[in-house]
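# Coordinate analysis (summary)
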Amino acid sequence: MTDSLPHEEGFDHTFDLLREGYLFALNRRKSFNSDVFSTRLFGKDVICMNGTEAARLFYDSEKFERHGAAPNRVIQTLFGKNGVQTLDGNRHTHRKELFMSIMSPSSRRKLSEIAREEWGKAVQKWERMEQVTFYTEVQELLGRTASRWVGVPISESEINELTNDLAAMFESPAVIGPKHWKGRKARNRLEGWLVAIISQVREKKLHAPSDTALYQFVWHQDLEGKLLEPKVAAVELLNILRPIVAISIFINFTLLAIHHYPDEKTKLEMGDEADANRFIQEVRRYYPFFPMVGALVKVDFVWKNYPFKKGTLTLLDLYGTNHDPNIWDEPDAFKPERFFNWQDDLFSFIPQGGGDYVSGHRCAGEWVTIDIMKISLDHLVSYMDFDIAPDQDLSYSMVNIPSIPHSRLILKNVRRKES
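I will try to describe carefully the structure that is included in this document.

Reading guide: rules and limits
- Residues numbered from 1 in each chain as written.
- Predicted model: local features only at pLDDT ≥ 70, side-chain atom pairs only at ≥ 80, totals over all residues.
- Heavy atoms only, no water.
- Salt bridge = Lys/Arg side-chain N within 4 Å of Asp/Glu carboxyl O.
- Helix = DSSP H or I, 4+ residues; strand = E, 2+ residues; numbered from the N terminus.
- Buried < 20%, exposed > 50% of the residue type's maximum accessible area, 1.4 Å probe, protein only.
- Core = buried A, V, L, I, M, F, W, Y, C linked by side-chain atoms within 4.5 Å.
- Contact = heavy atoms within 4.5 Å.
- Phe/Tyr/Trp six-rings, centres within 6.5 Å; stacked < 30°, edge-to-face > 60°.
- Pairing = 2+ DSSP bridges.
- Axes fitted to C-alpha atoms, helices over the stretch in contact; angles between N-to-C directions.

What follows is about the pattern of salt bridges. According to the stated counting rule, one finds 36 salt bridges in the structure shown. Lysine 121 is paired through a salt bridge with glutamate 118; the nearest N and O atoms lie 3.8 Å apart. Here the residue lysine 121 and the residue glutamate 118 both occupy positions in helix H6 (residues 105-127), the gap between them amounting to three residues, near one helical turn. Residue class for glutamate 118 comes out buried when judged on its relative accessible area of 6%. With its nearest N and O atoms 2.7 Å apart, the salt bridge here joins aspartate 165 to arginine 189. With aspartate 165 in helix H8 (residues 159-171) and arginine 189 in helix H9 (residues 178-202), the pair connects residues that are 24 residues apart, well separated along the chain.

By size, the foremost hydrophobic cluster in this structure holds 90 residues, and its most contacted members are Trp119, Trp126, Phe134, Trp149, Phe217, Ile240 and Val283. Looking at this core, the element that brings in the most residues is helix H11 (residues 230-260), giving 19 residues. Aside from chain neighbours lying at most four places away, what touches isoleucine 240 is Phe99, Ile102, Trp149, Val150, Ala213 and Phe217. Judged by nonpolar contacts, the second largest core, of 21 residues, contains Met49, Phe301, Phe308 and Ile350.

This brings us to the packing of aromatic side chains. Tallied over the full model, the rule gives 28 aromatic pairs. Aromatic side chains phenylalanine 58 and phenylalanine 64 sit 5.7 Å apart centroid to centroid with 35 degrees between the ring planes, which places their arrangement in the tilted category. Given the relative accessible area of 0%, phenylalanine 58 is considered buried. A relative accessible area of 2% means that phenylalanine 64 is categorised as buried. Within the aromatic cluster, the residues linked to one another by ring pairs are Phe253, Tyr261, Phe279, Tyr286, Tyr287, Phe334 and Tyr396.

Turning our eyes to something else, we now look at the pairing of strand E10 (residues 410-416). Bridge count for strand E4 (residues 131-133) against E10 is three bridges, and the pairing is antiparallel. Among the inter-strand pairings, valine 132 is bridged to a residue of E10, identified as leucine 411. Alignment of strand E9 (residues 384-388) against E10, held across four bridges, turns out to be antiparallel. Residue pairing for E10: aspartate 385 is matched across the bridge by arginine 415.

Ordered by their spatial adjacency, three strands build an open sheet running E4-E10-E9, and the pairing between neighbours is antiparallel. Edge positions in the sheet fall to E4 and E9, since each of these pairs with one other strand and no more. Here the strands of the sheet are splayed against their neighbours by 45 degrees on average, with no regard to which way each runs. Contacts between helix H7 (residues 134-150) and the sheet are confined to E4 and E10, with E4 contributing the most and set at about 70 degrees to the helix.

Rendered as structure tokens:
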């Protein structure tokens, strides 16, 4: 005999999900007093889970699969068709190994060097501006960084359009209306652009250096020894370009944390790399980023005496797990010192997914995210001064996905610190 899952009554709660955003699963976890419950979303029965044990279960590839789990609106904007996030088994492992090879120490060092150069150029530019919309400017900075590192040829006049399109892709999956369709159009436009570049490289009309992601994806062979279809290779290149620009969300929250917690800024000014690491990890834990991830039940099984039926969409609450009081002391307080003695855990701290990097679905770019956040924090604390413009709305929504400060953070009087 099995128990019935705590179940939310009602025909469908998709509207509630849109209305509650990051807090949807967390609110129901509290009301049910359960780490697992069922509801109805998108016209289907859905299981929602939260916490370390749930994450460990969710990333068990014997029990869950990704193919067919993501809604079409997410595929058409965020992931792309046949991207690594939608693969399972050997196909996923083989494709993921390619992504992980691009995240090698030497490749990451190259990315860090590029990011530092672009930060230096950006600060010089911002000094000449009456005011700086930080979110927009950092996206452009990261668009330049990403395109240089990946190796895609792009002119100065095209950078702004590229950055806007990449941002539209991750800003549109959870919205309805024109903004969502903007994201779809952006993906179609960028996929077409990259397909043309890939074809030119294969036809030897364009040179791609062997140490770039462009080269690696152009010439990557699948399990059957065949080159990736140009559109699939384009999708995967976007799965590198897009996430790098999306780090702008974390960087904006980094600046917001520096502003809201001046004592922590003082610690950073007097501290070392370990202090910076703790601050960055707390930004990634505390502020909203990606709300949840989905998978389909692969086979019937029972967990905690609850039945999981094959084909059921299951959502793991990332934000809720990072704010779980069973894991974190005072989860709703910003406390970088909580990471003093933190032992790396693949299933408790999951701002970019959980599980193993190589064999599982944890984000391949997590190390890159941390690298770029360190460089950004270093510039904000050690290499530049600025004023936060008065009379701006520094609050952020827990409903809008992704969430960013409403004003996009307006800076004035940006100047380089004297060495």
